[in-house]
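Fold and contact review
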Amino acid sequence: MIFSPPLCEKVLDGTKTVTRRLTKGEPCTYRVGQDYAVQEQREGNAGRGGPELGRILIVSATQEEYVFSEIYTHFDIEAMSEGLSDFDEFVGCWHSLHPDGRCEDKDTYDEPYEQHPCLNEPVYRIEFELVGSDE
Ligand SMILES: [Zn+2]
(Lines give C-alpha, C1' and ligand atoms only; values in the text may rest on other atoms or scores of the structure.)
Protein backbone atom coordinates (compact mmCIF):
# COMPACT_ATOMS: atom_id res chain seq x y z
CA MET A 1 0.00 0.00 0.00
CA ILE A 2 1.42 3.34 -1.04
CA PHE A 3 1.49 6.34 1.28
CA SER A 4 2.74 9.89 0.90
CA PRO A 5 6.12 10.31 2.66
CA PRO A 6 4.89 12.05 5.85
CA LEU A 7 2.07 9.55 6.28
CA CYS A 8 4.31 6.62 5.43
CA GLU A 9 6.49 7.59 8.37
CA LYS A 10 3.45 7.51 10.66
CA VAL A 11 2.47 4.08 9.40
CA LEU A 12 5.95 2.81 10.15
CA ASP A 13 6.00 4.21 13.69
CA GLY A 14 2.52 2.81 14.35
CA THR A 15 0.66 6.12 14.85
CA LYS A 16 -1.37 5.77 11.64
CA THR A 17 -3.64 2.74 11.64
CA VAL A 18 -6.42 3.84 9.29
CA THR A 19 -6.45 5.01 5.70
CA ARG A 20 -9.26 6.10 3.42
CA ARG A 21 -9.18 5.37 -0.26
CA LEU A 22 -11.67 6.59 -2.85
CA THR A 23 -13.68 3.67 -4.17
CA LYS A 24 -13.87 5.08 -7.70
CA GLY A 25 -16.66 2.59 -8.18
CA GLU A 26 -14.24 -0.33 -7.96
CA PRO A 27 -14.22 -3.21 -5.46
CA CYS A 28 -11.76 -2.89 -2.60
CA THR A 29 -8.49 -4.55 -3.55
CA TYR A 30 -7.34 -4.91 0.06
CA ARG A 31 -8.40 -8.10 1.81
CA VAL A 32 -8.96 -8.45 5.54
CA GLY A 33 -6.41 -10.83 7.05
CA GLN A 34 -3.85 -10.29 4.32
CA ASP A 35 -0.63 -8.36 4.71
CA TYR A 36 0.76 -5.84 2.26
CA ALA A 37 3.99 -4.00 1.68
CA VAL A 38 4.24 -0.39 2.91
CA GLN A 39 5.70 1.81 0.21
CA GLU A 40 6.42 5.50 0.00
CA GLN A 41 4.92 7.39 -2.90
CA ARG A 42 7.59 8.73 -5.15
CA GLU A 43 7.33 12.31 -6.29
CA GLY A 44 5.84 12.89 -9.71
CA ASN A 45 5.07 9.21 -10.05
CA ALA A 46 1.55 8.83 -8.74
CA GLY A 47 0.53 5.25 -8.30
CA ARG A 48 4.05 3.87 -8.12
CA GLY A 49 5.82 3.24 -4.86
CA GLY A 50 9.37 2.77 -3.77
CA PRO A 51 10.87 -0.28 -2.06
CA GLU A 52 9.08 -2.16 0.71
CA LEU A 53 9.60 -0.35 4.02
CA GLY A 54 7.43 -2.51 6.23
CA ARG A 55 4.32 -4.66 6.24
CA ILE A 56 0.78 -4.04 7.42
CA LEU A 57 -2.00 -6.53 8.10
CA ILE A 58 -5.50 -5.47 7.08
CA VAL A 59 -7.81 -5.63 10.11
CA SER A 60 -10.98 -4.27 8.52
CA ALA A 61 -12.13 -2.72 5.28
CA THR A 62 -15.53 -1.07 5.09
CA GLN A 63 -17.16 1.03 2.45
CA GLU A 64 -18.53 4.38 3.53
CA GLU A 65 -20.76 6.68 1.58
CA TYR A 66 -18.75 9.73 2.63
CA VAL A 67 -15.12 10.29 3.50
CA PHE A 68 -16.21 10.88 7.09
CA SER A 69 -19.41 9.07 7.86
CA GLU A 70 -21.74 10.26 10.62
CA ILE A 71 -20.93 7.12 12.57
CA TYR A 72 -17.66 8.81 13.55
CA THR A 73 -19.25 11.35 15.79
CA HIS A 74 -15.88 12.53 17.02
CA PHE A 75 -14.06 13.35 13.81
CA ASP A 76 -10.91 14.47 15.60
CA ILE A 77 -10.40 11.05 17.15
CA GLU A 78 -10.94 9.35 13.81
CA ALA A 79 -8.47 11.80 12.22
CA MET A 80 -5.93 10.79 14.86
CA SER A 81 -6.28 7.18 13.73
CA GLU A 82 -5.29 8.52 10.33
CA GLY A 83 -2.07 9.81 11.92
CA LEU A 84 -3.18 13.44 12.01
CA SER A 85 -3.73 15.77 14.92
CA ASP A 86 -7.32 16.76 14.18
CA PHE A 87 -10.03 16.92 11.53
CA ASP A 88 -8.80 20.22 10.07
CA GLU A 89 -5.42 18.66 9.42
CA PHE A 90 -7.15 15.69 7.83
CA VAL A 91 -9.05 17.94 5.43
CA GLY A 92 -5.86 19.80 4.52
CA CYS A 93 -4.11 16.51 3.93
CA TRP A 94 -7.02 15.16 1.89
CA HIS A 95 -6.87 18.25 -0.32
CA SER A 96 -3.17 17.82 -0.94
CA LEU A 97 -3.59 14.13 -1.77
CA HIS A 98 -6.55 14.77 -4.05
CA PRO A 99 -5.74 18.07 -5.76
CA ASP A 100 -8.16 17.28 -8.57
CA GLY A 101 -10.98 16.83 -6.07
CA ARG A 102 -14.22 18.70 -6.26
CA CYS A 103 -13.36 21.51 -3.80
CA GLU A 104 -12.75 24.71 -5.68
CA ASP A 105 -11.54 26.63 -2.67
CA LYS A 106 -9.03 24.44 -0.90
CA ASP A 107 -8.88 26.78 2.08
CA THR A 108 -12.47 26.56 3.20
CA TYR A 109 -11.59 24.43 6.20
CA ASP A 110 -13.99 26.40 8.33
CA GLU A 111 -16.94 25.19 6.35
CA PRO A 112 -18.98 22.41 7.93
CA TYR A 113 -17.71 19.17 6.52
CA GLU A 114 -21.02 18.53 4.72
CA GLN A 115 -20.16 21.48 2.49
CA HIS A 116 -16.86 20.06 1.36
CA PRO A 117 -17.57 18.35 -1.96
CA CYS A 118 -14.26 16.52 -1.60
CA LEU A 119 -15.60 14.73 1.47
CA ASN A 120 -18.81 13.64 -0.19
CA GLU A 121 -17.10 10.80 -2.00
CA PRO A 122 -17.48 7.09 -1.26
CA VAL A 123 -14.37 5.61 0.28
CA TYR A 124 -13.03 2.43 1.74
CA ARG A 125 -12.01 2.88 5.35
CA ILE A 126 -9.14 0.47 5.80
CA GLU A 127 -7.80 -0.30 9.25
CA PHE A 128 -4.50 -2.09 9.64
CA GLU A 129 -1.76 -2.96 12.06
CA LEU A 130 1.94 -2.81 11.56
CA VAL A 131 3.38 -6.32 11.45
CA GLY A 132 6.89 -5.56 10.27
CA SER A 133 9.16 -2.57 9.82
CA ASP A 134 12.74 -2.18 8.72
CA GLU A 135 13.21 0.86 10.96
ZN1 LIG B 1 -12.62 20.04 0.57
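Residues numbered from 1 in each chain as written. Predicted model: local features only at pLDDT ≥ 70, side-chain atom pairs only at ≥ 80, totals over all residues.

**Considering the overall build of the protein chain**
Here is the rule: Secondary structure follows DSSP: runs of H or I at least 4 residues long count as helices, runs of E at least 2 residues long count as strands, and numbering of each begins at the N terminus. Burial in this document is a count-based property: other C-beta atoms within 10 Å of a residue's C-beta are tallied, and the residue is buried at 20 or more, exposed at 12 or fewer, or partly exposed in between, with C-beta positions derived from the backbone.
Looking only at helices and strands, one finds three helices and five strands in the protein chain. Written out in order from the N terminus, the α and β elements of the protein chain read β-α-β-β-β-α-α-β. Per-residue burial for the protein chain yields a buried fraction of 22% across its 135 residues.

**Side note on helix α1 (residues 5–12)**
Threshold: Starting at the helix axis, one direction is taken to each C-beta atom, and the arc is that of these directions.
For α1, the complete set of buried residues consists of Leu7, Cys8, Val11 and Leu12. The buried residues of α1 all sit within an arc of 145 degrees when viewed along its axis, so they share a single face. A positive backbone phi angle near 85 degrees is found at glycine 14, which sits one or two residues after α1.

**Some details on the sheet that holds strand β4 (residues 54–64)**
The criterion, for reference: For two strands to be treated as a pair, DSSP must find at least two bridges joining them. For the purpose of contact definition, each residue receives a C-beta atom placed from its backbone, and two residues are in contact when these atoms lie within 7 Å. Fitted lines through C-alpha atoms serve as axes, helices being fitted only where they are in contact, and the angles separating the N-to-C directions of these axes extend from 0 to 180 degrees.
Pairing in this open sheet of five strands is mixed, and the strands run β1-β3-β4-β5-β2 from one edge to the other. The open sheet has two edge strands, β1 (2–3) and β2 (18–22), and neither has a second partner. With ten bridges connecting them, β4 and strand β5 (residues 123–133) associate as antiparallel partners. Note that in β5 the partner of isoleucine 58 across the bridge is phenylalanine 128. Against the sheet, α1 makes contact with β1, β3 (35–40), β4 and β5, and its axis sits at roughly 140 degrees relative to β3, the strand it touches most.

**As for the pairing of β3**
In the sheet, β1 pairs with β3 via two bridges, with the strands oriented parallel. Across the sheet, residue phenylalanine 3 finds its bridge partner in β3, namely glutamate 40. As defined by bridge partners, β3 adjoins β4 across four bridges and the pair is classed as antiparallel. Bridging from a neighbouring strand, alanine 37 pairs with arginine 55 of β4.

**Things to note about helix α3 (residues 87–97)**
Those residues of α3 that fall on the buried side of the exposure criterion are Phe87, Phe90, Val91 and Trp94. The buried residues of α3 occupy an angular sector of 100 degrees when projected down its axis, which confines them to one face. Of the surrounding secondary structure, the elements contacted by the buried residues of α3 are α2 (75–81).

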